[in-house]
Amino acid sequence: MLPQLRLALVLMSAPLLAQPVKTLVVTGGHDHHPAFYTAFDDPRLAPNVDPHPVAFRKDVSKRYDVAVLYDMVPEMDDARRANLKAFADAGKGIVVLHHAICSHSQWPWYSEELVGGRYRFAPETPLSTYKHDEQVKVSVVKKHPVTEGVDDFIIHDETYKNMWISPKVQVLLRTDNPTADGPIAWIGLHPKARIVYLQLGHDENAHRNPNFQRLVRNAILWAAGRN
Ligand SMILES: [Zn+2]
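Predicted model, so just to flag it, every value in this text is computed and none were measured.

Draft legend 1. Focus on the overall build of the protein. Each helix and strand counted, the protein has five helices and eleven strands in total. In terms of C-alpha radius of gyration, the protein reaches 18 Å, essentially the compact-globule figure of 17 Å for 227 residues. If one aligns the C-alpha atoms of the protein with their principal axes, the spans along those axes are about 65 × 40 × 35 Å. Looking at the 227 residues of the protein, the share that counts as buried comes to 49%. The long-range share in the protein, meaning contacts at least 24 apart out of those at least 6 apart in sequence, stands at 69%. Entry remark: accessible area of the protein is about 11,000 Å², with carbon and sulfur atoms responsible for 55%. Of the charged side chains in the protein, 26 are positive and 25 negative, and the gap between their average positions amounts to 8 Å.

Below you can see the structure in the form of structure tokens.
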């Protein structure tokens, strides 16, 4: 390639590469500390918060690159389900955080074809359990853009146990904490969308942990196809 042409291409693509990731943050159904939002304070991200019940009221696949789910809602109506599905089918990124794995427990598509895990509520057995204020020793088990720059660490956070976890997920982080199942972060399952699940993130202790913040940012960038 001619050097002039190469330079022209670089100049043309630079502004595109510099665009921050248009990030939809979905909340609702679970209270949380406002420190949660510090994870999005990064010039590479352009976040916008949309809580239930207005979240997914329309198809947002043209407006956003990545959806971060930090909601906990038992169900959504069919129109909203269709809009979340359309977002995944459009090949967008979805980062599922902490209690968002408890959402949509009666919607098998969400747990079995997207997230790759489910918090088990009655009548399903065994029931999943949670434990607050654990010292969680986290081990990085896979080199991946989501774990880039993260070494093994300890975080004060909540754990879940007796979850259903698909054997098809690609586990990134584990813990040997006895109140947890082992895998606490993984790559989910959708054939077109990039899906990350990160179990960490209960309260301010976790939200302000630099490893949590880095994992959330890495996950968003990877889900957007940026790293
Ligand atoms: Zn929690």
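Draft legend 2. Spotlight on the coordination of the zinc ion. The protein atoms that coordinate the zinc ion are His 98 (NE2), Glu 158 (OE) and His 202 (ND1), at distances spanning 2.0 to 2.1 Å. One chain supplies every donor to the zinc ion, and in sequence these donors are spaced H-x59-E-x43-H. A residue pair is termed long-range when its members are at least 10 positions apart, and His 98 in the loop between β4 (93–97) and α3 (108–115) and His 202 in the loop between β11 (194–198) and α4 (204–207) qualify at 104 residues.

Draft legend 3. Molecular detail of the environment of Phe 212. With respect to the helices and strands, Phe 212 occurs in helix α5 (residues 210–223). If sequence neighbours within four positions are ignored, Phe 212 has contacts with Ala 39, Ile 155, Leu 198, Leu 200, Gly 201, Ala 206 and His 207.

Draft legend 4. A look at the environment of Asn 209. For Asn 209, the location among the structural elements is in the loop between α4 and α5. Along the chain, Asn 209 and Ala 193 lie 16 residues apart, while their C-alpha atoms are 28 Å from each other. Apart from the residues lying within four places of it in its own chain, the contact partners of Asn 209 are Phe 153, Ile 154 and Ile 155.

Draft legend 5. Geometry of the pairing of strand β1 (residues 21–27). For β1, the buried fraction is high: six of the seven residues fall into the buried class. Strand direction decides the pairing type here: β1 and strand β2 (residues 45–51), joined by seven bridges, are parallel. By the bridge assignment, Thr 23 is partnered in β2 with Pro 47. Of the strand pairs in this sheet, β1 and strand β3 (residues 66–69) are connected by four bridges, and their pairing is parallel.

Draft legend 6. Fine view of the nonpolar core. Judged by nonpolar contacts, the single largest core of 34 residues is most densely connected at Phe 40, Leu 198 and Ile 220. Top contributing element to this core by residue count: α5, with eight residues. Excluding its chain neighbours within four sequence positions, the residues that come into contact with Phe 40 are Val 25, Leu 45, Pro 47, Val 68, Val 216 and Ile 220. Grouped together as the second largest cluster of nonpolar side chains are 31 residues, Ala 55, Met 76, Val 115 and Val 169 included.

Draft legend 7. Quick peek at the pattern of salt bridges. By the definition in use, this model includes nine salt bridges. Of the charged contacts, one joins Arg 118 and Glu 124 as a salt bridge, the two residues approaching to 2.8 Å between their closest N and O atoms. When its relative accessible area of 10% is taken as the criterion, Arg 118 is described as buried. Taken together, the salt bridges that share partners define one network made up of Asp 42, Arg 44 and Arg 217.

Draft legend 8. Structural detail: helix α2 (residues 78–89). The end-to-end C-alpha separation of α2 is 16 Å, in line with the 16 Å expected for twelve residues at 1.5 Å each. For α2, the complete set of buried residues consists of Asn 83, Leu 84, Phe 87 and Ala 88. The arc that holds every buried residue of α2, seen down its axis, measures 140°, which confines them to one face. For α2, the secondary structure elements touched by its buried residues are β3, β4 and α3. Of the residues trailing α2, Gly 91 is marked for its positive phi of about 80°.

Draft legend 9. Looking closely at the packing of α2 against α3. Two elements in contact, α2 and α3, have axes separated by 12 Å at closest approach and are oriented at 10°. In terms of orientation, α2 lies roughly parallel with respect to α3. Note on element contacts: α3 touches α2 through Trp 109, Tyr 110 and Leu 114, opposite Leu 84, Lys 85 and Ala 88. Here the residues of the contact of α2 with α3 are counted per class, giving five nonpolar, no polar and one charged.

The rules we used
Residues numbered from 1 in each chain as written. Predicted model: local features only at pLDDT ≥ 70, side-chain atom pairs only at ≥ 80, totals over all residues. Heavy atoms only, no water. Helix = DSSP H or I, 4+ residues; strand = E, 2+ residues; numbered from the N terminus. Rg over C-alpha atoms; globule rule 2.2 N^0.38 Å. Buried < 20%, exposed > 50% of the residue type's maximum accessible area, 1.4 Å probe, protein only. Contact = heavy atoms within 4.5 Å. Areas by Shrake-Rupley, 256 points an atom, 1.4 Å probe, with all protein chains shown as cover. Lys, Arg positive; Asp, Glu negative; His and termini not counted. Charge placed at Lys NZ, Arg CZ, Asp CG, Glu CD. Donors = N, O, S within 2.8 Å, 3.2 Å for Na, K, Ca; no water. Pairing = 2+ DSSP bridges. Core = buried A, V, L, I, M, F, W, Y, C linked by side-chain atoms within 4.5 Å. Salt bridge = Lys/Arg side-chain N within 4 Å of Asp/Glu carboxyl O. Expected span 1.5 Å × (residues − 1). Arc of directions from axis to C-beta. Axes fitted to C-alpha atoms, helices over the stretch in contact; angles between N-to-C directions. Parallel < 35°, antiparallel > 145°, perpendicular 65-115°, else oblique. Nonpolar A, V, L, I, M, F, W, Y, C, P; charged D, E, K, R; others polar.

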